[in-house]
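Structure at a glance
The residues making up each chain are set out below.
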Amino acid sequence: MESSPGTTPLAGVRVADLSRVLAGPYCTMVLADLGADVIKVERPEGGDETRSWGPPFAGGEAAYYLSVNRGKRSCALDLSQPEGRALALELCAAADVVIENFKVGGADRLGVGYEQVRERNPTVVYCSITGFGSEREPSGRPGYDFVAQAESGLMSITGPEEGPPYKVGVALVDVLTGLHAAAGVLAALHGGEGARIEVPLLDSGLAGLVNVAQNALVTGREPERHGNAHPNIVPYQAFETSSGRIAVAAANDGLFRSLCSVMGLEELSSDARFVTNAARVEHRGELVPVLQERFREHSAEDWLTDLEAAGVPAGKVRSIPDALDAAAAAGRPAMVTVEHPTAGPLDLVASPIWGATRTDAAPPPLLGEHTAEVLAELGQSPEEIEELAARGVIGTRDVSAGS
């Protein structure tokens, strides 16, 4: 049974989100989905740069920005001004968690570094998301997902066997970094004594290599690219059928025997070259063409029906819209609909954490939509807020007036 908004695990936890782009905002969206009150601090002019990373746009907001910012409140502060920095420090002092992804040393220069916040808030959980880590040289090296995919070796194992390295089709290192950061924050909150956490993109990319990195450590050899195949399991790859491609994951010897039975190729399961997975990996060049030839004889739908009946994991290689539609048709939509102030009803990809996340998530906020509300909670009067806005220290957005 799904939790109500008042009983979500992080209800009552306040997060000061000083991050932008993807890794940090993904982390804080995970926390918001779990019930935290996330206050997104943005520049009054332009805000988080992903607001402009389009097209496509919906209601004037880039789809990129909309994808990772639901459930938050936007507070626009100009950190280049002393008063803006002071307000940001006040916000951090009142928070349980602070997330930032400035270049190394940037938060300190803006007056919201760990030591500056801890002096006011000794039990704060302070998480820095960096490109390459604060202890590596050159210090302060900026990092984006694409660069981290290159530097971590992820690109070197992605793509066809013949040809150049490819990046993954989504900013996967950013997503992994956001998830690692969220896990670290949750652990520190559980500890209850505060913590200083750092999660670099590079380290997240390296950790995400899992078995492939371990293969390299064990053998001392550079891993090869296998396209849509697996370096350690055969057959575990995509095959062409008469009506599209399917992914087949015969991940153990029993599943391989079942696959051979479904395909009418029982003789392969007793062939010494293919009896064990280790043998199949060694002889993949002989096995895969035989399987591919047979798969082309029937449609994807027929193969998937027969493979499912035999208990062999397999699936259709789908487009993104098809995948979202299929998830809904199977009984649980992968989307949540929110009412956005400028885009109207807006579909977002839902949290994959069932049973612990909010069912009433707020839409991604407009820039400065909650500035006055947040500053009032910090003790600023309406007159003080109006005066700060007039001098450009803060940015506000009156949604009801459409301004």
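Notes on the structure follow.

What counts, and at which threshold
- Residues numbered from 1 in each chain as written.
- Predicted model: local features only at pLDDT ≥ 70, side-chain atom pairs only at ≥ 80, totals over all residues.
- Heavy atoms only, no water.
- Salt bridge = Lys/Arg side-chain N within 4 Å of Asp/Glu carboxyl O.
- Helix = DSSP H or I, 4+ residues; strand = E, 2+ residues; numbered from the N terminus.
- Buried < 20%, exposed > 50% of the residue type's maximum accessible area, 1.4 Å probe, protein only.
- 1 Å grid on protein atoms, 1.4 Å probe; cavity = no way out; pocket = protein on both sides within 12 Å on 5 of 7 lines; lining within 4 Å.
- Points joined across faces, edges and corners; volume = space filled by probe spheres on them.
- Pairing = 2+ DSSP bridges.
- Nonpolar A, V, L, I, M, F, W, Y, C, P; charged D, E, K, R; others polar.
- Patch = residues over 30% accessible without salt bridge, like charges linked within 9 Å, V, L, I, M, F, W, Y side chains within 5 Å.
- Areas by Shrake-Rupley, 256 points an atom, 1.4 Å probe, with all protein chains shown as cover.
- Axes fitted to C-alpha atoms, helices over the stretch in contact; angles between N-to-C directions.
- Parallel < 35°, antiparallel > 145°, perpendicular 65-115°, else oblique.
- Left-handed = near helix turned anticlockwise from the far one by under 90°.
- Contact = heavy atoms within 4.5 Å.
- Arc of directions from axis to C-beta.

Within the structure shown, the criterion is met by 25 salt bridges. Salt-bridge contacts for Arg120 lead to Glu90; the nearest nitrogen and oxygen are separated by 3.0 Å. Placement of the pair is Arg120 in helix H5 (residues 114–120) and Glu90 in helix H3 (residues 82–93), with a sequence separation of 30 residues. Between Glu286 and Arg273 there is a salt bridge, with its nearest N and O atoms 2.8 Å apart. Here Glu286, found in helix H13 (residues 284–295), pairs with Arg273, found in the loop between helix H11 (266–269) and helix H12 (277–282); they are 13 residues apart in sequence, far enough to count as distant. Overall, the relative accessible area of 33% leaves Arg273 in the partly exposed class. The network of salt bridges with common partners includes Arg14, Asp37, Arg73, Glu373 and Glu377.

The calculated volume of the largest pocket comes to roughly 1300 Å³. In terms of lining, the largest pocket is formed by 44 residues, of which the most central are Ser67, Arg70, Leu348, Val349 and Ala350. Of all the elements in the fold, those that place two or more residues in the lining of the largest pocket are helix H1 (23–33), strand S3 (57–58), helix H2 (63–66), helix H7 (172–191), helix H15 (320–329), strand S12 (335–340) and strand S13 (344–349). In terms of residue count, H7 provides more of the lining of the largest pocket than any other element does, six residues in total. Here the second largest pocket is characterised by a volume of approximately 650 Å³. Every residue lining the second largest pocket is counted, 33 residues in all, and those nearest its centre are Arg20, Glu49, Asn101, Phe102 and Lys103. For the lining of the second largest pocket, the secondary structure elements donating two or more residues are strand S2 (37–42) and strand S7 (125–130).

With that out of the way, let us pick up the pairing of strand S10 (residues 244–249). Across six bridges, strand S9 (residues 236–241) lies against S10 in antiparallel orientation. Bridge assignment links Tyr236 to a residue of S10, and that residue is Ala249. What sits between the antiparallel neighbours S9 and S10 is a turn of two residues. Pairing of S10 with strand S11 (residues 314–316) involves three bridges; the strand directions are antiparallel. Across the sheet, the residue bridging to Ala247 is Gly315, located in S11.

Counted under the stated rule, the structure contains one cavity of 30 Å³ or more. Here the largest cavity defines a volume of roughly 40 Å³. Lining of the largest cavity is provided by Val104, Thr130, Gly131, Phe132, Gly133, Arg136, Pro138, Gly140 and Arg141. By residue class, the composition of the lining of the largest cavity is three nonpolar, four polar and two charged.

Bringing a nonpolar patch on the surface into the picture now. Judged by side-chain polarity, Trp53, Tyr144 and Val147 come together as a nonpolar surface patch covering roughly 270 Å² of accessible area. Along the chain, Val147 falls in helix H6 (residues 145–151). Residue Val147 is classed as partly exposed on the basis of its relative accessible area, which comes to 33%.

With that settled, the discussion passes to the packing of helix H10 (residues 253–263) against helix H14 (residues 300–309). It is the contact of H10 with H14, at a shortest axis distance of 10 Å, that shows an interaxial angle of 135°. Classed by the angle they form, the pair H10 and H14 counts as oblique. Here H10 and H14 pass one another in a crossing that is right-handed. Contacts between H10 and H14 involve Leu259, Val262 and Met263 on the former and, on the latter, Trp303, Asp306 and Leu307.

Attention now goes to the pairing of S12. Inspection of the sheet shows S12 paired to S13 by six bridges, in the antiparallel sense. When the bridges of S13 are listed, Val336 appears paired with Leu348.

Strand order in the open sheet formed by three strands is S9-S10-S11, and the pairing between neighbours is antiparallel. The open sheet has two free edges, formed respectively by S9 and S11, since each of these has just one partner strand. Across the sheet, the mean angle from the axis of one strand to that of its neighbour is 25°, orientation sign disregarded.

Looking only at H10, the buried set comprises Leu255, Phe256, Leu259, Cys260 and Met263. An end-on view of H10 places all buried positions within 140° of arc, on one side of the element. Those residues of H10 that are buried are in contact with S10, H11, H12, H13 and H14. Where H10 ends, the next residue or the one after it, Gly264, has phi of about 70°, a positive value.

Take the packing of H1 against H7 next. Taken N-terminus to C-terminus, the directions of H1 and H7 make an angle of 45°; their axes are 7 Å apart at the nearest point. Overall, the two elements H1 and H7 adopt an arrangement that is oblique. Judged by the sense of rotation from one axis to the other, the crossing of H1 with H7 is right-handed. For the pair formed by H1 and H7, the contact residues are Ala23, Tyr26, Cys27, Val30 and Leu31 on the first element and Asp174, Val175, Thr177, Gly178, Leu179, Ala181, Ala182, Val185 and Leu186 on the second. For the contact of H1 with H7, a count of residues per class yields eleven nonpolar, two polar and one charged.

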